[in-house]
Amino acid sequence: MTSSESQIRAFVEDRTEAQRSKDIDGLMSFYSPDIVYYDAVAPLRFTGADEVRRNFVRWFDGYVGPIGLETHDLSIVAADDVAFANMLHLDSGKRRGGIDLPIWVRETVCLRRSNGTWAITHEHISIPINPANFQIWFASAKDAPARRGGRSIFGLVATSLLTRFGLR
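Residues numbered from 1 in each chain as written. Predicted model: local features only at pLDDT ≥ 70, side-chain atom pairs only at ≥ 80, totals over all residues. Heavy atoms only, no water.

Looking only at helices and strands, the chain features four helices and eight strands. Put simply, 48% of the contacts in the chain that link residues at least 6 apart link residues at least 24 apart. Carbon and sulfur atoms form 57% of the exposed surface of the chain, whose accessible area is close to 9300 Å². (Helix = DSSP H or I, 4+ residues; strand = E, 2+ residues; numbered from the N terminus. Contact = heavy atoms within 4.5 Å. Areas by Shrake-Rupley, 256 points an atom, 1.4 Å probe, with all protein chains shown as cover.)

Strand order in this open sheet of six strands is β2-β1-β6-β5-β4-β3, and the pairing throughout is mixed. Both edges of this open sheet fall to β2 (45-47) and β3 (68-78), since each of them pairs with a single strand only. Adjacent strand axes in the sheet meet at a mean angle of 20 degrees when their direction is disregarded. In terms of strand pairing, strand β1 (residues 31-38) meets β2 through three bridges, oriented antiparallel. Within β2, the position partnered with V36 by the bridge is T47. Set on the sheet, helix α1 (residues 3-20) makes contact with β1, β3, β4 (82-92), β5 (103-114) and β6 (117-126); between it and β3 the angle comes to about 160 degrees. Packing of helix α3 (residues 48-61) onto the sheet brings it into contact with β1, β2, β3 and β4, and relative to β1 it is tilted by some 60 degrees. (Pairing = 2+ DSSP bridges. Axes fitted to C-alpha atoms, helices over the stretch in contact; angles between N-to-C directions.)

A word on α1. The terminal C-alpha atoms of α1, which comprises 18 residues, lie 26 Å apart, in line with the 26 Å expected from a rise of 1.5 Å per residue. Turning to α1, its buried residues number three or more, namely S4, I8, F11, V12, R15, T16, A18 and Q19. Take α1 and look down its axis: the buried residues cluster within an arc of 155 degrees, on one side only. Opposite the buried face of α1, at more than 90 degrees from it, the exposed residues are S3 and E13. One or two positions beyond α1, positive phi appears at K22, with a value near 60 degrees. (Expected span 1.5 Å × (residues − 1). Buried < 20%, exposed > 50% of the residue type's maximum accessible area, 1.4 Å probe, protein only. Arc of directions from axis to C-beta.)

With that settled, consider the packing of aromatic side chains. By the definition in use, this model includes seven aromatic pairs. Judged by centre distance (5.5 Å) and plane angle (50 degrees), the ring pair of Y31 and F56 falls under tilted. You can see Y31 sitting in strand β1 and its partner F56 sitting in helix α3, a full 25 residues away along the chain. On the basis of relative accessibility, which here comes to 7%, the residue Y31 falls in the buried class. Aromatic ring contacts, followed pair by pair, group Y31, Y37, F46, F56, W59, F60 and Y63 into a single cluster. (Phe/Tyr/Trp six-rings, centres within 6.5 Å; stacked < 30°, edge-to-face > 60°.)

Looking at the element boundaries, F46 is found in strand β2. Residue classification places F46 among the buried positions, given a relative accessible area of 7%. Sequence separation between F46 and I35 is eleven residues; the distance between their C-alpha atoms is 8.0 Å. Non-local contacts of F46, meaning those with residues more than four positions away in its chain, are made with I35, V36, Y37, D39, V41, E51, V52 and N55.

Along its 14 residues, α3 runs 20 Å from first to last C-alpha, staying within 8% of the 20 Å computed at 1.5 Å per residue. Every buried residue belonging to α3 is among G48, V52, N55, F56, W59 and F60, and all of these are buried. End-on, the buried residues of α3 take up no more than an arc of 140 degrees, which puts them together on one face. Counted as exposed and oriented over 90 degrees from the buried face of α3: D50 and R54. Packed against the buried residues of α3 are α1, α2 (24-28), β1, β2, β3 and β4.

What follows is about the nonpolar core. Counting residues in each nonpolar core, the largest one holds 31 residues, and the members touching the most others are Y31, Y37, F56 and L111. Those elements that provide at least two residues to this core are α1, α2, β1, α3, β3, β4, β5 and β6. Those residues in contact with F56, other than ones at most four positions away along the chain, are I24, L27, M28, Y31 and Y37. (Core = buried A, V, L, I, M, F, W, Y, C linked by side-chain atoms within 4.5 Å.)

Okay, structure coming up:
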């Protein structure tokens, strides 16, 4: 592993900790002021630190308490002053409205080093779907096949409520 790769690995771990603890200022310190961020939620493209900050605050506000975030399959390619990394995240935690359902998220980040400091200049988030019915894919494990061809949010909420009240 090169020095740049080790730095990026530590960078990603520190950023993930800021996400888990909902430390917005700490999280934003990992991003370039001219960040371009593609998310899985509308408006899909966020440009600049202010827009990205608002999007992260929206994400944080969707959880009661900390966010569970596990990084899997981290892959890094780094040169002297540019790098990219891709990974899977298992995003979990108690969401507002009582839904407690982990979801797999795919992520790619592009980084640039300036004056010895790495910063994310581009990030792309996606959520796997079943292309046959366009439903979100909730698998029990990252390499498991989709269950029942995907699940709709309505079905997830109904299942959660039935389970919560002991009817399932």
